[in-house]
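# Breakdown of the fold
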Amino acid sequence: MKHMLRQRNFVGRSLMSNLTGLVLLATSHARAQATDRALAEELFREGRALMDQQRVDEACPKFAESQRLDPSTGTLLNLATCHEQQGKFASAWSEYSEVATMARRDGRSDRMEHAEARRAALEAKLSRLTIELAPGSEVSGLTIRLDGAELGRPSIGAPLPLDPGPHTLSVTAPDKRPWEVTVRIGGVADTQRLAVPALADAPKQAAPSAAPSTTRSSARSSNGTQRYVAYALGGLGVVGVGLGSFFGLRALSKNSDSNSSGCSGNLCSESAANTRHDAIHAGNIS
């Protein structure tokens, strides 16, 4: 019963400790969220002020960070507008599309209609890049990345909207030389196609030369050392057993002498006490 009570007390303390930890974690998370929201609001205000001053390049990062900290359709709509004014039509087009989806979900028909209208207006301005695979380029493990982001197979052959400027395409595959190229996309309605070539075979690396004699010698040395240690420990064990037996027999002999010299149980005469003391000492050593 006492054991069961101790178990219950332990479980109770464990649960209380876990609950306390969860409460502290939730409190910390709530504080972090409040801090993020406050910072997001401040960044949004700064972004709006910069937009009013036509300082678009400075405003866009403010909106982007505000959206990261506390996502909302209002902030995203301002970010899309900012990117549109920067001439980053692909980013703006994508953000308007996301705003329309979120606003439809939230029942904000005004924002949904505005975002859809701006998205449609940007369609004709979008620059696109179509990536294709040249004959023989499709191999097992082929990986294609555009600006560091891996492209799935459905993206191959599709005209991908891109912001103007340089974009890097990198291609890798096992046992093949990597291939990379940078393409520059124009500002308005630029259309380009890029074919991924067949990758060249990577040079085969020579296998490291084996050194069997050294390995065997090292192994023998290691095994030999282990044997030496084992033998030494075995020898110490034999010696230890011998010494223990010697002192054990000596203790028995001294104890017998003390009994015959005047000890009865634990009561001894003065002359027999020394003999009994020797017996106890020998027993401790054994």
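As a starting point, this report considers the structure included with it. Once a new chain begins, its residue numbering starts again from 1 and follows that chain's sequence as written. The model is predicted, so local features are restricted to residues of pLDDT at least 70 and side-chain atom pairs to those at 80 or more, both for listing and for counting; the totals for chains, interfaces and linings are taken over all residues. Side-chain descriptors were evaluated using all non-hydrogen atoms of the structure, hydrogens and water having been removed beforehand.

## Looking at the sheet that holds strand E3 (residues 149–150)
Strand pairing in a sheet is mediated by backbone hydrogen bonds. Such pairs are either parallel or antiparallel. As summarised here, the arrangement of the four strands in space is E3-E2-E5-E6, forming an open sheet in which the pairing is antiparallel. Edge positions in the open sheet fall to E3 and strand E6 (179–185), since each of these has one partner strand only. Following DSSP output, two strands are said to pair if at least two bridges run between them. Helix and strand definitions here come from DSSP, where helices need a minimum of 4 consecutive H or I residues and strands a minimum of 2 consecutive E residues; each element is numbered from the N-terminal end. Here seven bridges tie strand E5 (residues 165–172) to E6, and the two strands are oriented antiparallel to one another. Paired with Val 171 across the bridge in E6 is Trp 179.

## Regarding the state of the cysteines
Two cysteine sulfurs form a disulfide in these notes if their separation is within 2.5 Å. One pass over the structure, following the stated rule, counts one disulfide. Residue pairing for Cys 60: its cysteine sulfur links by disulfide to Cys 82, the two sulfurs lying 2.1 Å apart. Between Cys 60 and Cys 82, the disulfide has an S-S torsion of -110° and is therefore left-handed. Of this pair, Cys 60 sits in helix H2 (residues 56–69) while Cys 82 sits in helix H3 (residues 73–86), and the two are 22 residues apart along the sequence. For every residue, the accessible area (1.4 Å probe, protein chains only) is compared with the maximum for its type, and the residue is labelled buried under 20%, exposed over 50%, or partly exposed between those bounds. The class for Cys 60 is buried, based on a relative accessible area of 4%.

## Digging into the environment of Lys 204
The topology assignment puts Lys 204 in the loop between strand E7 (191–196) and helix H6 (212–260). Put simply, Lys 204 and Lys 176 are 28 residues apart on the chain and 9.9 Å apart in space, counted from C-alpha to C-alpha.

## Some words on helix H4 (residues 89–106)
Taking 1.5 Å of rise per residue, the 18 residues of H4 would be expected to cover 26 Å, and the 25 Å separating its terminal C-alpha atoms lies within 8% of that figure. Taken together, the buried positions of H4 are Phe 89, Ala 90, Ala 92, Glu 95, Tyr 96, Ser 97, Val 99, Ala 100, Met 102 and Ala 103. The contact criterion used is simple: two residues touch if any of their non-hydrogen atoms lie within 4.5 Å. Its buried side turned inward, H4 meets H3, helix H5 (109–122) and strand E4 (159–162). Once H4 ends, the next one or two residues include Gly 107, with phi positive near 75°. In this scheme, a helix's expected span is set at 1.5 Å multiplied by one less than its residue total.

## Focus: H2
With 14 residues, H2 extends 20 Å between its outermost C-alpha atoms, agreeing within 8% with the 20 Å of an ideal straight helix rising 1.5 Å per residue. Along H2, the residues that are buried comprise Val 56, Ala 59, Cys 60, Phe 63, Ser 66, Gln 67 and Leu 69.

## Examining the side chain of Thr 143
Looking at the element boundaries, Thr 143 is found in strand E2 (residues 143–146). For Thr 143, a relative accessible area of 16% puts it in the buried group. Each residue touching Thr 143, except ones within four places of it in the same chain, is listed here: Glu 150, Ser 170, Val 171 and Thr 172.

## Some words on the pattern of salt bridges
Here a salt bridge means any side-chain nitrogen of Lys or Arg lying within 4 Å of a carboxyl oxygen belonging to Asp or Glu. In total, this model carries 12 salt bridges according to the counting rule given. The residue Glu 46 makes a salt bridge to Lys 62 at a minimum N-O spacing of 2.8 Å. Residue Glu 46 is located in helix H1 (residues 2–52), and its partner Lys 62 is located in helix H2; the two are separated by 16 residues in the primary sequence. Overall, Lys 62 belongs to the partly exposed group, its relative accessible area being 26%. The partner of Arg 108 in a salt bridge is Asp 110, with the nearest N and O atoms 3.3 Å apart.

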